[in-house]
Amino acid sequence: MEAATARLGRGGRRKKEKSYGSEERRLATLLLSPAMAVIVLVAAYPIGYAVWLSLTEYSLREPGKWRFAGFDNYTEAFGSTEFWDAVKNTFIFTGISVTLELVIGLGMALAMHSAFKGRGLLRTVVLVPWAVLTVVSAITWRTLFEPNLGLAPTVLDKIGIAGNVVWLGQEGYAMAVMILADVWKTAPFMALLLLAGLQVIPDDVYDAAKVDGATTWQRFQRITLPLLVPAILVALIFRTLDALRIFDLPFVLTGGTNGTSTLSLIAQQELTTNNLIGYGSALSVLTFVVVMAVSFIYIRTVGGNIRSLAED
Amino acid sequence: MKTPRFLAVITATAMLAIAGCGSDDDDDGGAPNAEKATQAKASGNVTWCIGKDTTGAFGTVVDNFNKANPNANVKLLELPENADDQRRLQIQRLRAKNTECDVLGADVIWVPEYVGQGWVKDVSDFISKNGDKFIPSTVDTTEVDGKNYAVPFNTNAGFIYYRTDQVSEAPKDWETLYKEAAKDDGVVYQGFRYEGLTVNFLELVYSAGGSVVSDDGKQATADSQEVKDVLKFMADGIKNGAVPKAVTTYKEEESRRAFESGNATFMRNWPYAYALGKESKLADKFDIATFPGFAGNEGAGVIGGYNLAISAFSKNPEGALAFIEFTTTPEQQKIMATDASLPPVIASVYDDPAVKKAMPFAEDLRTAVEQAKPRPVSPVYPQITAAIYDNVYAALQGDMSPDEAASKMNDEIQKAIETF
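Computed from a predicted model, the values in this text were never measured in an experiment.

J.: How should I be thinking about helix α8 (residues 174-183) of chain B in this particular structure?
T.: Think of an α-helix as 3.6 residues a turn; residues three or four steps apart then line up on the same face. All names here are of chain B. What α8 keeps buried is the set W174, L177, Y178 and A181. Mapping the buried residues of α8 onto a view down its axis gives an arc of 95°, with all of them on the same face. Next to the buried residues of α8 lie β8 (187-188), α9 (195-207), α10 (225-239) and β9 (266-269).

J.: Hey, could you run me through helix α9 (residues 173-199) of chain A in this one?
T.: Between its terminal C-alpha atoms α9 of chain A stretches 38 Å, which fits the 39 Å expected from 27 residues at 1.5 Å a residue. Residue T186 of chain A marks the point of greatest curvature in α9 of chain A, where the axis turns by about 40°; the proline P188 of chain A follows within four residues.

J.: Would you explain the sheet that holds strand β10 (residues 286-289) of chain B in this entry?
T.: Adjacent strands of a sheet form backbone hydrogen bonds with each other and so pair up, either parallel or antiparallel. Residues and elements named next belong to chain B. Reading across the sheet, the four strands line up as β8-β9-β7-β10 and stay open at both edges, with mixed pairing between neighbours. Only two strands of the sheet have a single neighbouring strand rather than two, namely β8 and β10. Pairing of β8 with β9, which is carried by two bridges, proceeds in the parallel orientation. What sits directly across from V188, in β9, is M267.

J.: Can you help me understand unusual backbone geometry in this one?
T.: Leaving glycine aside, a negative phi is the common case for residues, and trans is the common case for peptide bonds. Residues and elements named next belong to chain A. Positive phi outside glycine occurs at N148, with the angle close to 65°. Here N148 shows up in the loop between α7 (134-144) and α8 (151-158). N148 gets classed as partly exposed once you count the C-beta atoms within 10 Å, which come to 16. At N258, a residue that is not glycine, the phi angle is positive and equals roughly 55°. Within the secondary structure layout, N258 lies in the loop between α12 (248-253) and α13 (263-273). For N258, a count of 26 C-beta atoms within 10 Å corresponds to the buried category.

J.: I tried to follow the packing of α9 of chain B against helix α17 (residues 381-396) of chain B on my own but got confused; where do I start?
T.: All names here are of chain B. Where α9 contacts α17, the two axes come as close as 8 Å, and the packing angle between them is 80°. Taken together, the axes of α9 and α17 lie roughly perpendicular to each other. Side by side, α9 and α17 meet where E195, L197, T198 and F201 of the first sit next to T385, I388, Y389, V392 and Y393 of the second. Taken together, the residues of the contact of α9 with α17 break down into six nonpolar, two polar and one charged.

About the cut-offs
Residues numbered from 1 in each chain as written. Chains lettered and ligands numbered in written order. Predicted model: local features only at pLDDT ≥ 70, side-chain atom pairs only at ≥ 80, totals over all residues. Buried ≥ 20, exposed ≤ 12 C-beta atoms within 10 Å, placed from the backbone. Helix = DSSP H or I, 4+ residues; strand = E, 2+ residues; numbered from the N terminus. Arc of directions from axis to C-beta. Contact = placed C-beta atoms within 7 Å. Expected span 1.5 Å × (residues − 1). Bend = angle between axes of the 7 residues up to and from the residue. Pairing = 2+ DSSP bridges. Axes fitted to C-alpha atoms, helices over the stretch in contact; angles between N-to-C directions. Parallel < 35°, antiparallel > 145°, perpendicular 65-115°, else oblique. Nonpolar A, V, L, I, M, F, W, Y, C, P; charged D, E, K, R; others polar.

See below:
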């Protein structure tokens, strides 16, 4: 979102910038430099160090052994089924969960936007799942789906659905629980972002449409949706980037078993459990690259969209 | 503002006074009081880094030691409750050659890894002098390449829990156990993909007379008939209903809950589940037994527990060793058994009435510990165990045939050994 608004802001102010004197520019650089130094220290250095580590063969299993390995770690990753499984699982998880969150979140936002008694209370209540720590909610979901004893299998068994399924122990079902847990937790967040978008649409537009005889569906389709696009895209960026880095849910729910291993999870396992610093860093860098690539694509399309909308 | 400075002055004065006393003792404490000298042989500061002292038993032992050794001061540094976090924090310190920890409380499976990195001191002399008083299987966990690098501190071994209202006695072999389980409500164990599955699998392999790594730790031996038989036995158990499919999601607590809620006839679990079971609705409907045999062999378990090792970076190894020796005396072992339910490493302690009261299964537990064997002793144990639980899990899920799983396990273990 920051990037998007920054782009918008710059677009508007571009002409003025040119009139700034060189002295003022120098002052700006000077004033910004402490912040830049901090960013370099806390962000650029660790990222750079991780990239460097990923090019080495370095493992805590063998003390003293260190070797520059070039792209060996990357070749190994691309050649392993573990990596491609994680890529596949990460994208399946991201695609399905973010889509569901968008649809459900939009529904929630529309409901919260309409005027009714107790709206303030509802808005607060809806946000509760989002306020719960992911690890805590993951443990709750794991308990809910515990075979035989958990609430979910017991209820499903009573109504005769999936009675024999070990939810967290079977491929497909485990992913379904993981997506469910994520949607439950983050749909409210999506709703909140979309609600903010809804609130900036002026009422006059709707009044005018009503006067012209537009139905509720037409008003939604022709007014609400198009004017909500910037908010939707910003919400999508947020959720997609988060989902691509998903770690806590598979870590707690399944430990990456049964088709739920994700990129962040395998990177963590190689780094901390297996002590393979070089290879683990390579997996982290690959995760970073995937996230960067997706955000780049988003920013491009979002930036373009928002600008074209603003010009309209 | 005033109070802290005042306190600081007091503390400083007290420390000077203590230091003064210490040197006084050194000066005149030699000849006249020999008895006092042997009791108070330890000196200096020692820091003991071990998992969280949830019951206060570790603190009691430290206090007892400090009282008996006025010249020494042992400090307890509590690490987190979770074993993986304890290991991570110890490794962080050791990698940095940190001198903070003198005595390390290490899970029995961490010792070979620490030895491989040169992080712990050789205590072979101590073991060769005092080794006889320990249960032999506990000493096995401290040995790497014929030398000892740690002292047993507490131990553990699994049990078979069985429903006395469903079966009259504990089955004599695993085959009968699975057959009876298939007829009744099944057997639950720790089948999730983690360390616990390695333990459950090795208990069967050891009971079958097999192994996964040669005794010297240099060769993978998992591609054997015993391992294939055990994998087939476990996979078939799930297929024919002796074992519920749900075990692939079970760790200790999940299996305990399944057993206590009456959903299983048998359970493999650690002794901790006994006391909790006695508080459940199954209180008078279950009993425990040591592991049954397999394929005509005698039953065997896998040994757990913690050892104490001296950090290679300790500035006071003598003091550290004196403290370790103190923790293995029957009195202190008894405190840990009664206060913290930590099974003693000294055989005689199990006969103590107070210990028997705290652990009604004490006698069975001693037998279980005596018949238990260590997990593969290797500096690359973390990779070996991953090779084991990954492939056993795949066999349980039916993703791989038992034979495939055995040979893949063997390859991965061999690869792990060779990388070191």
